[in-house]
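Survey of secondary and tertiary structure
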Amino acid sequence: MSKTVAEKILLEHSDLKEISPGQFVECDIDLIMVHEQLGGRIHKEYEKLGIDYVWDPNKIFFILDHWVPAPTISAAQMHQDCRAFAEKYNFIHNIGMDKGICHQVLPEMGFSRPGMLIVGSDSHTTTYGAFNCLSTGIGATDVSVVFATGKLWFKVPESYKINFVGELNKGVMSKDIILKIIGDITTKGAIYKSLEFHGIDSLSIDGRMTISNMVVEAGAKFGVFLSDNKLESWIQKRSKEEYNIIHPDKEAIYEKTLEYNLSEIIPMVAKPSSPGNADEIENVEGIEIDQAFLGSCTNGRIEDLRIAAKILKGKSINPKTRFIITPASKEVYITAMKEGLLDIFINAGAVVTHSTCGACIGGHMGVLGEGEVCISSTNRNFVGRMGAASSQVYLASPATVTASAIYGKITDPREVL
Amino acid sequence: MDEINGFAYILGDDINTDDIVPSHTLTMRDPHEMAKCTLEFIDSQFVKEINKGNIIVAGENFGTGSSREEAVNVFKILGIKAIIAKSFARIYFRNLINVGIPGITLNKWNEKTFSKGDKLEISLDKGVIFNKTKNVKVEFAKIPEFLTKILNEGGIINQLKKKLSK
Ligand code: SF4
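A brief look at the structure comes next. (Residues numbered from 1 in each chain as written. Chains lettered and ligands numbered in written order. Predicted model: local features only at pLDDT ≥ 70, side-chain atom pairs only at ≥ 80, totals over all residues. Heavy atoms only, no water.)

**As for the nonpolar core**
The criterion, for reference: Side-chain atoms within 4.5 Å link the members of a nonpolar core, which is a set of buried Ala, Val, Leu, Ile, Met, Phe, Trp, Tyr and Cys residues. Here the term buried applies to any residue with accessible area under 20% of the maximum for its type, exposed to any over 50%, and partly exposed to those in between, with areas from a 1.4 Å probe on protein chains only. Here a residue-residue contact requires only that any non-hydrogen atoms of the pair lie within 4.5 Å.
F91 and F147 of chain A together with F62 and Y92 of chain B are the most contacted members of the largest nonpolar core, which totals 163 residues. With sequence-adjacent residues up to four places away left out, F147 of chain A is seen in contact with I32, V34, L38, I42, Y46, V54, W55, I60, F85 and F91 of chain A. Core analysis: the second largest hydrophobic core is formed by 37 residues, V284, F323, L342 and A405 of chain A among them.

What follows is the structure, encoded as structure tokens:
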């Protein structure tokens, strides 16, 4: 039977000869990513199993990123619990707290490659779909199951084919594409589905990651891109391991097919308090903001910092507005430093922080006060996500966030580029 | 796990994991402390009014958002026996089953079917919810056998523990 990318990868990781959507299958996991959740619920659940080993210490990627460096005593204790667990079970890829956000660092280190099946203790694990692999988020008990057995059950998803044609215009970014898609199909429009992206050549790897990152905001289980030369050269630079490119069959069956002409996409903003609350920039222009945040696993990559610097160069941010910039990883941070981007940010009045989830999760380094309004390059604008319950978050592209920081109100980046 | 009895507590559409356990509670070390903050930003009455044995009846896309299983565990601590929703977010549904709380998908319901405080009796085997207060019966698509097995063993950790000890 003809198959989608998701069906092929799940089949290859099972011991079955044939699978079809709706079926429950048990699959071998190639890699599992864990972060602070290890010290949250995971270690407590795992200890209940009463075993003194993990199935394969070489297939666990452990990083601290949400609250680093620890802003509170309880966060510090959580880190202690994490480190103790990693030591006890001899984790080999113990990445530490200085490298950045999980979903940026793991691909940078070449751990996400075509054909793999990856899970992680974080809903935005879907990000690695940009690398032609299947990846998705799981909770603490599922993590425990994988730690113990290296296997996990899946329900084989139906797939949606999303086909891109054309190219983005100046000042429009892949964030605008995914906000548009979520707005169109709604936050429940793809529950349990695998989104398969075609027509991808004009998109950068950074841009693909942004799209895969946010598919979960439409409820999707996977957001998988096809492969091309751009991806292969990216992988070869970062990994010596073999990989297995997966193409869908020509006759693969899709539950839905959607087409987007990228040249028709315009800057989009998701209004409070749902990522599905997307609107065109002209309908929100002029809304005053207290803070602008550029960072997170959605948009803290070098492409994002470059466009921000291009917009900011020679300008200052509005004196009433705070602009916080958090590079998604140490690698991004160092690259931005070498390219002189940090100078531009700091001189314009922005605050540049260490790589962490930080403000995205309302943890530290940019928490919002009562009634404050923020425009943010992150992926969620739920009530209280970035701080006080009465604060409001508008989600937008790095270009829109930066343009807005300059004027202290939501601004169309096409007007300042 | 067959018959579940309890009282309905009604919640709306798109209740997300950050609503259920706000991020600031995630570094708390005592899950019971965390449970006291359940839904604090959007329904400050919830923790006060929820009595042991209650059944949540919600709208679309329940549990959308993060993979944080705390968002299931707090309900377990508060004694929630089942969650009925028009639809569930994927990770949330898995977490519910894994922790041993039945997630029941009921595409359609309205105020004629359930209101706050109604006495409900759920039969998982038959796929029927009997609202004793309103004297109405509704059918739902039964939870697949594969998942019912996990529920019957009290969650996936218990199931795995048994397997490992064999
Ligand atoms: S940056 Fe935000 S969305 Fe991404 S992993 Fe961290 S907390 Fe989650």
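**Brief notes about empty space enclosed by the protein**
Definition in use: In the cavity and pocket records, a cavity denotes points on a 1 Å grid over the protein atoms alone where a 1.4 Å probe fits but cannot get out, a pocket denotes an open set with protein on both sides within 12 Å along at least 5 of 7 lines, and lining residues are residues with an atom within 4 Å of a point. Grid points are joined across faces, edges and corners, and a volume is the space filled by probe spheres set on the points. Under the grouping applied here, Gly and all other residues not named as nonpolar or charged are polar, the nonpolar ones being Ala, Val, Leu, Ile, Met, Phe, Trp, Tyr, Cys and Pro and the charged ones Asp, Glu, Lys and Arg. Put simply, DSSP marks the helices as runs of H or I at least four residues long and the strands as runs of E at least two long, and each gets a number from the N terminus on.
The full count for this structure, using the stated rule, is two cavities of 30 Å³ or more. One number sums up the size of the largest cavity: a volume of about 290 Å³. The wall of the largest cavity is formed by 26 residues, among which H35, H66, D122 and I361 of chain A together with S66 of chain B lie closest to the centre. Of the residues belonging to the lining of the largest cavity, the class tally is nine nonpolar, eleven polar and six charged. Quantified by volume, the second largest cavity comes out at close to 80 Å³. In this structure, the second largest cavity is lined by S123, T126, T136, G137, V216, G219 and A220 of chain A together with T64, G65, A89, R90 and I91 of chain B. Sorting the residues of the lining of the second largest cavity by element identifies β6 (134-137) of chain A together with α5 (90-99) of chain B as the ones contributing at least two each.

**Considering the pairing of strand β2 (residues 31-34) of chain A**
Residues and elements named next belong to chain A. Put simply, the rule reads: Strand pairing is assigned whenever DSSP detects at least two bridges linking the two strands.
Burial along β2 is two-sided: the face carrying L31 and M33 and the face carrying I32 and V34 are both buried. Pairing of β2 with strand β5 (residues 117-120) involves three bridges; the strand directions are parallel. Bridged to I32 within β5 is V119. Bridging between β2 and strand β3 (residues 60-63) involves three bridges; their strand directions are parallel.

**A few points about the sheet that holds strand β11 (residues 256-261) of chain A**
Residue and element names in this part refer to chain A. Operational definition: The axes are straight lines fitted to the C-alpha atoms, using for helices just the contacting stretch, and the angles between their N-to-C directions are given from 0 to 180°.
Taken in spatial order, the four strands make up an open sheet running β10-β9-β8-β11, and their pairing is parallel. The strands lining the two open edges of the sheet, one partner per strand, are β10 (222-225) and β11. Across the sheet, the axes of successive neighbouring strands diverge by a mean angle of 20°, strand direction being ignored. Relative to β11, strand β8 (residues 159-165) runs parallel, the two being bridged by six bridges.

**Quick notes on the site of the ligand**
Rule in force here: In this text, near means that some heavy atom of the residue lies within 4 Å of the molecule or strand in question. Think of it this way: a molecule belongs to a cavity or pocket when more than half its atoms come within 2 Å of the grid points there.
Taken together, H66, H103, D122, H124, S296, C297, C357, C360, I361, N379 and R385 of chain A are the residues near the ligand. Because more than half of its atoms lie within 2 Å of the grid, the ligand is assigned to the largest cavity.

**Here we look at unusual backbone geometry**
All names here are of chain A. A cis amide bond links V68 to the next residue, P69, at an omega of -15°. In this fold, P69 is placed in the loop between β3 and α3 (73-88). Note the cis peptide between P272 and S273, where omega equals -5°. Note on placement: S273 falls in the loop between β12 (268-270) and β13 (278-280). The phi dihedral of Y192 falls on the positive side, at around 70°, and the residue is not glycine. Relative to the helices and strands, Y192 is located in the loop between α6 (174-185) and β9 (194-198). The phi torsion at S296 lies on the positive side, around 85°, for a residue other than glycine. S296 gets classed as buried once you look at its relative accessible area, which sits at 1%.

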